[in-house]
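# Structural characterization, general
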Amino acid sequence: MFVLSFSPLCVPGSPNLCAEFHPDGAIFASGLENGIVRVWDVRSLTSVASFETESGPVSTLTLSENGYSLVSVGSRRKAQLWDLRKLKSTKGVEFDEAMSIRDASFDASGTFVAFCGSRGL
């Protein structure tokens, strides 16, 4: 087993709250307390993309199996879909105040996303 050290990836004053590897292992994403999502190249440990979310501290990240999309969920109950080819947000979903999102998952094609939270799917 290989352990990836996050120490060179940390941003002073804004700790990583979550991280997700892409299925092929070449990239991973980290969600920060300041609402920033960073996409990293695993081999070089360099940031290859950075997104500023509208959702507050990032609590959940999910990468699609095809590597084209990323979903971030933050504490303000907003999820954003990011296109990693165009490096921009393509859609946003807001959940009602009673819903606390705990996880998200893409289908195998990367077309659909399911959200799981305090009120179910």
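A brief look at the structure comes next. (Residues numbered from 1 in each chain as written. Predicted model: local features only at pLDDT ≥ 70, side-chain atom pairs only at ≥ 80, totals over all residues. Heavy atoms only, no water.)

### Regarding the pairing of strand β3 (residues 36–41)
With five bridges joining them, strand β2 (residues 27–32) and β3 adopt antiparallel strand pairing. In the strand pairing of β3, Gly31 is matched with Val37. Hairpin connection of β2 to β3: three residues between the antiparallel strands, including Gly35 at a positive phi of 85°. With six bridges connecting them, β3 and strand β4 (residues 46–52) associate as antiparallel partners. Counted as the bridge partner of Arg38 is Ser50 from β4. Taken together, β3 and the strand that follows it, β4, pair antiparallel across an intervening segment of four residues, in which Leu45 is found at a positive phi of about 55°. (Pairing = 2+ DSSP bridges. Helix = DSSP H or I, 4+ residues; strand = E, 2+ residues; numbered from the N terminus.)

### Things to note about the side chain of Ser72
Along the chain, Ser72 falls in strand β6 (residues 69–74). Within the local environment of Ser72, its side chain forms a polar contact with the side chain of Trp82, the two groups lying 2.9 Å apart. In contact with Ser72, other than residues within four places in its own chain, are Val37, Thr53, Val58, Thr60, Leu61, Lys78, Ala79, Gln80 and Trp82. (Polar contact = N/O pair within 3.5 Å; in protein donor to acceptor, adjacent residues only side chain to side chain. Contact = heavy atoms within 4.5 Å.)

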